[in-house]
Amino acid sequence: GRQQARGGAVAAQAERSRSLPFLPKPENLAGFVGEEQEFDPLGFSDTFDMNWLREAELKHGRVCMLATVGFFSQQYITFPGFEETPDALKAVYT
């Protein structure tokens, strides 16, 4: 009775994510980052192709890097036809 119930609890625990034990184990993470800790809290690996997700993450990271460079470079670069900004970084507060 009790031993059998304990075995059922262990089997149920085996199907849970290691990083978030209150969520089910993601099945489609084999060979990808996050597989070690079974971390996929929103279940994207079950909904989307993992290769597409990897490409989207790289693309968005590159866009963010370009946006950061643009934010800081506007302090020092002025295009012809535009007036120079005395301190572009303070424009956030105006």
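Residues numbered from 1 in each chain as written. Predicted model: local features only at pLDDT ≥ 70, side-chain atom pairs only at ≥ 80, totals over all residues. Heavy atoms only, no water.

**Details of the side chain of Asp40**
Topologically, Asp40 is positioned in the loop between helix H1 (2-14) and helix H2 (44-47). This buried residue, Asp40, is left without a salt bridge; Lys25 holds the nearest opposite charge, at 13 Å. Only 3.2 Å separates the side chain of Asp40 from the backbone nitrogen of Phe44, close enough to count as a polar contact. Ignoring sequence-local partners within four residues, the contact set of Asp40 consists of Pro26, Leu29, Ser45 and Asp46. (Helix = DSSP H or I, 4+ residues; strand = E, 2+ residues; numbered from the N terminus. Buried < 20%, exposed > 50% of the residue type's maximum accessible area, 1.4 Å probe, protein only. Lys, Arg positive; Asp, Glu negative; His and termini not counted. Salt bridge = Lys/Arg side-chain N within 4 Å of Asp/Glu carboxyl O. Polar contact = N/O pair within 3.5 Å; in protein donor to acceptor, adjacent residues only side chain to side chain. Contact = heavy atoms within 4.5 Å.)

**So, the packing of aromatic side chains**
In this structure the tally under the stated criterion is 3 aromatic pairs. Where Phe44 meets Phe48, the ring centres are 5.9 Å apart and the plane angle is 55°; that geometry is what we call tilted. Looking at Phe44, the relative accessible area reads 40%, which means it is partly exposed. Among the aromatic residues, ring-to-ring pairing joins Phe44, Phe48 and Trp52 into one connected group. (Phe/Tyr/Trp six-rings, centres within 6.5 Å; stacked < 30°, edge-to-face > 60°.)

**Examining a nonpolar patch on the surface**
On the surface, Phe71, Phe72, Leu89, Val92 and Tyr93 cluster together into a nonpolar patch covering about 540 Å² of accessible area. Tracing the backbone through its elements, the reader meets Leu89 in the segment after helix H3 (50-73). (Patch = residues over 30% accessible without salt bridge, like charges linked within 9 Å, V, L, I, M, F, W, Y side chains within 5 Å. Areas by Shrake-Rupley, 256 points an atom, 1.4 Å probe, with all protein chains shown as cover.)

**A short note on unusual backbone geometry**
Located in the positive-phi region is Glu38, a residue other than glycine, with phi close to 55°. By the secondary structure assignment, Glu38 is in the loop between H1 and H2. Looking at Glu38, the relative accessible area reads 9%, which means it is buried.

**What to know about the environment of Met50**
Within the secondary structure layout, Met50 lies in helix H3. As a C-alpha pair, Met50 and Ala30 span 20 residues in sequence and 9.8 Å in three-dimensional space. Once you skip the residues sitting within four places of it in the chain, Met50 turns out to touch Asn28, Leu29, Phe32 and Ser45.

**Points about the pattern of salt bridges**
On inspection of all chains with the given rule, the structure shows 2 salt bridges. Residues joined in a network through salt bridges with shared partners are Arg18, Lys25 and Glu38.

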